[in-house]
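Chain by chain, the residues run as shown.
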Amino acid sequence: MSADLFSRRTRWQALTRQRPAPALRVALLASYTVDPLVPYLGLALHDTGLPATLAVGPFQQVVQQCLATDGFLAEARPDVLVVAQRLEEAGDPGPSGDAWAAELLAGAEAAVTAARRHRALLVYVLPAVPASRPYGPADAMHADGVTASATAVRQRLRDRLAGDPWVLLVDADEAVRAVGDERAYHPALFRFAKVPYTEEVFARLGATAAALVAAGFGAGCRALVLDGDGLTGAAHLLPALRELRAAGVRVALRATGADWWSSADATDLLAVLDGWVTDERPLADQLAEIADELDVALAQLVLAGTGPTQAPPRHVPLGSDPALWSDELRAAGLTDRLPARRWTGGTSRPAVAPTELSLDDFVAGLDVHVDYRPVAADSVAEVAEVAARAHDFALAPAPPAAALAERAADLLAIRVRDRLGDYGTSGLVALDRTVDRWTVDVFSLSCPVLGKGVEAAVLREVTRRAGAAGAGEVLVRWTDTGRNGTARRFLSELDGVAPADPRVRLRAAHTSDDNSTPPSATASTPPTAAASTPPTATAVRR
């Protein structure tokens, strides 16, 4: 990590400790682990005058979380919803990328639906063109190559979203290309934690998204303030300053002391200044007076100069060569504006119309299969790692591998696959079995398989096995970890999970409750039973 990125992360940590009053609530959903984006997006929003609280939802749950009427987004109540999908997580591209398009357009439609429901501004991150090239150097010659397929999908997403005045588009491909393929991707971290990009890419995405959000909320640059201290050679700035004024950006100056007006630069700049403050007051007081004089918000000021970085407000550093100053101001994007837009529905028909998209239909179309296998002594470490990573769906803090090894005979590993891919070992169940009751005290699922019916399928399988063994009850014991809201919500609705064996009662209880008496929040099962499924595989259908 570069010194600049480290400095930004450090500033963000300091800000989170100060807990400034937020102006926005931002929720992030992605097909990958998007947490590294938080400090860069949060800091950039703060520096534009829009301090925000940021909440990250479970990864690879875009459609499920967007279409659910409860859960993560209901708790986050976002003013801004950031949604990022990658083509690499969308399975096989299909001919001309049609399968990719179906997956990502479904995610985009779900994101629009969620944004409308929560009255939020949607920031959609267009996927980058994957670096993998199965056809090698000949990829560009194939109509179904990665480049052609990805380009077609990206254009269909742009057609669908770009005309919507409540949708902002950030292009991940621009960030990746600016950094370069060799430095943009982090294969080792992706294998370990599903983080695909390096810090440089996340920093660029955060800065771009924050600039767009600021423009969307009217917090873009309205006035440039030149820092007169140390500004020698200001004549080189005149071409860029004239362009800024022609674009509607006001220009002002601050300096320490009235002596500044005797400098050689004063005469050159006077003709392009809309206001100035030259006295001995602190910088913050000077900027407040300039904002009041120019009738703009303080957050809409941008300071430019050769001095140390100032934040806030946003600061444009000028280098040591005055001949380059105009180019540096032009590159700062001070005249960036959102286009005037009127929603027309896009130029291409969405793969799924918004009114047709439902969570049940989406899950049914995934063709989800769940397999179960006993855990051998040499595979305890694998399932222990799965349990340790499962935070959103876990009954309690993950037990250490040594504790699991002592009860290997009680463990059941969960493997999940669907039409998008095979997720491998994705969960773990631990069963404390007695003659009359089976108690589930470990039930952990990884994020990619949540919201696909796996949760209910696992409990149906447990009740089937319990019934075959003669037990009359399956009890799921849970505690509040502070992060397992997904599990708590699921357990509160166990009346929607029909046991595979009608003779088996299924209920949930908090660890503080008496096992023998269902608590008020406990859900009992209905008398009807779902059809039995084979002991080694469950096909999930909704």
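Reading guide: rules and limits
Residues numbered from 1 in each chain as written. Predicted model: local features only at pLDDT ≥ 70, side-chain atom pairs only at ≥ 80, totals over all residues. Heavy atoms only, no water. Buried < 20%, exposed > 50% of the residue type's maximum accessible area, 1.4 Å probe, protein only. Helix = DSSP H or I, 4+ residues; strand = E, 2+ residues; numbered from the N terminus. Arc of directions from axis to C-beta. Contact = heavy atoms within 4.5 Å. Pairing = 2+ DSSP bridges. Axes fitted to C-alpha atoms, helices over the stretch in contact; angles between N-to-C directions. 1 Å grid on protein atoms, 1.4 Å probe; cavity = no way out; pocket = protein on both sides within 12 Å on 5 of 7 lines; lining within 4 Å. Points joined across faces, edges and corners; volume = space filled by probe spheres on them. Nonpolar A, V, L, I, M, F, W, Y, C, P; charged D, E, K, R; others polar. Polar contact = N/O pair within 3.5 Å; in protein donor to acceptor, adjacent residues only side chain to side chain. Phe/Tyr/Trp six-rings, centres within 6.5 Å; stacked < 30°, edge-to-face > 60°. Lys NZ or Arg CZ within 6 Å of the ring centre and 35° of its normal. Parallel < 35°, antiparallel > 145°, perpendicular 65-115°, else oblique. Left-handed = near helix turned anticlockwise from the far one by under 90°. Salt bridge = Lys/Arg side-chain N within 4 Å of Asp/Glu carboxyl O.

### Some words on helix α11 (residues 238-246)
- Taken together, the buried positions of α11 are occupied by Leu-238, Ala-240, Leu-241 and Leu-244. Buried residues of α11 fall within an arc of 160° about the axis and therefore sit on the same side.
- Those residues of α11 that are buried lie in contact with β6 (223-227), β7 (250-256), α12 (264-270) and α14 (325-331).
- Count one or two residues on from α11 and you reach Gly-248, which has phi positive near 100°.

### A short note on the sheet that holds strand β10 (residues 314-317)
- Across the sheet, 5 strands lie side by side as β8-β7-β6-β9-β10; this open sheet has parallel pairing. Only two strands of the sheet have a single neighbouring strand rather than two, namely β8 (275-279) and β10. Ignoring which end each strand starts from, the neighbouring axes of this sheet average 20° apart.
- As paired elements, β6 and β7 share 5 bridges and run parallel to each other.

### Digging into empty space enclosed by the protein
- In total, this model carries 2 cavities of 30 Å³ or more according to the counting rule given.
- What lines the largest cavity is a set of 17 residues, among which Gln-60, Gln-85, Glu-89, Glu-103 and Leu-420 lie closest to the centre.
- Looking at the lining of the largest cavity residue by residue, the class counts come to 8 nonpolar, 5 polar and 4 charged.
- Here the second largest cavity is characterised by a volume of approximately 40 Å³.
- Lining the second largest cavity are Leu-37, Val-82, Val-123, Val-125, Val-170, Leu-205 and Ala-209.

### Points about the environment of Arg-117
- Summarising the element assignment, Arg-117 is placed in helix α5 (residues 98-118).
- Excluding anything up to four places from it in sequence, Arg-117 contacts Cys-66, Leu-67 and Ala-68.
- Among the polar contacts listed, one links the side chain of Arg-117 to the backbone oxygen of Ala-68, at a separation of 3.0 Å.

### Focus: the packing of aromatic side chains
- Tallied over the full model, the rule gives 6 aromatic pairs.
- Aromatic side chains Trp-261 and Trp-276 sit 5.2 Å apart centroid to centroid with 70° between the ring planes, which places their arrangement in the edge-to-face category. Pair noted here: Trp-261 is in the loop between β7 and α12 and Trp-276 is in strand β8, with a separation of 15 residues, a long-range link.
- Trp-261 sits in the partly exposed class, given a relative accessible area of 27%.
- The exposure class assigned to Trp-276 is partly exposed, which follows from its relative accessible area of 38%.
- Among the aromatic residues, those joined into a ring-pair cluster are Tyr-32, Tyr-185, Tyr-197 and Phe-202.
- Positioned over the ring face of Trp-438 is Arg-433, at 5.3 Å from the centre of the ring.

### Examining helix α7 (residues 172-179)
- Within the span of α7, buried status applies to Ala-172, Asp-173, Ala-175, Val-176 and Val-179. Around the axis of α7, the buried residues are gathered within 160° of arc, so they sit on the same side.
- Buried positions along α7 lie against β4 (121-126), α6 (146-161), β5 (167-171), α8 (181-184) and α10 (199-216).
- Between a side-chain oxygen at the N-terminus of α7 and the backbone nitrogen of Asp-173 the separation is 2.9 Å; the capping residue is Asp-171.
- Following α7 by one or two positions, Gly-180 adopts a phi angle in the positive range, close to 100°.

### What about the layout of surface pockets?
- In this structure, the second largest pocket spans a volume of roughly 1,300 Å³.
- Along the walls of the second largest pocket sit 47 residues, with Thr-33, Phe-59, Arg-389, Cys-447 and Pro-448 positioned nearest its centre.
- Elements with a minimum of two residues in the lining of the second largest pocket: α4 (72-76), α9 (187-193), α16 (380-389), β13 (421-433) and α19 (485-491).
- The leading source of residues in the lining of the second largest pocket is β13, at 5 residues.

### Digging into the packing of α7 against α10
- Running from N to C, α7 and α10 cross one another at 135°; their axes reach a closest spacing of 9 Å. In terms of orientation, α7 and α10 fall into the oblique class. As α7 runs across α10, the sense of the crossing is right-handed. Listed contacts from α10 to Ala-172, Ala-175, Val-176, Ala-178 and Val-179 of α7 are Glu-200, Val-201, Arg-204 and Leu-205.
- A breakdown of the residues in the contact of α7 with α10 according to their chemical character gives 7 nonpolar, no polar and 2 charged.

### Things to note about the pattern of salt bridges
- In total, this model carries 39 salt bridges according to the counting rule given.
- With a shortest N-O distance of 3.7 Å, Asp-139 and Arg-133 are connected by a salt bridge.
- According to the relative accessible area criterion, Arg-133 is partly exposed, its value standing at 32%.
- Residue Arg-330 is joined to Asp-327 by a salt bridge in which the shortest nitrogen-to-oxygen separation is 3.0 Å. Of this pair, Arg-330 and Asp-327 both sit in helix α14, 3 residues apart, roughly one helical turn.
- Arg-330 sits in the partly exposed class, given a relative accessible area of 39%.
- According to the relative accessible area criterion, Asp-327 is partly exposed, its value standing at 46%.
- One continuous salt-bridge network, built from bridges that share partners, spans Arg-407, Asp-410, Arg-433 and Asp-441.

### Digging into the sheet that holds strand β1 (residues 24-30)
- One open sheet holds the 5 strands; their spatial order is β2-β1-β3-β4-β5, and the pairing between them is parallel. Looking at strand neighbours, the two that pair on one side only are β2 (52-56) and β5, the edges of this open sheet. The sheet shows a mean angle of 20° between the axes of neighbouring strands, taken without regard to direction.
- Relative to strand β3 (residues 80-84), β1 runs parallel, the two sharing 5 bridges. The residue bridging Ala-27 from the neighbouring strand is Leu-81, located in β3.

Read these as spatial facts, not as claims about activity.
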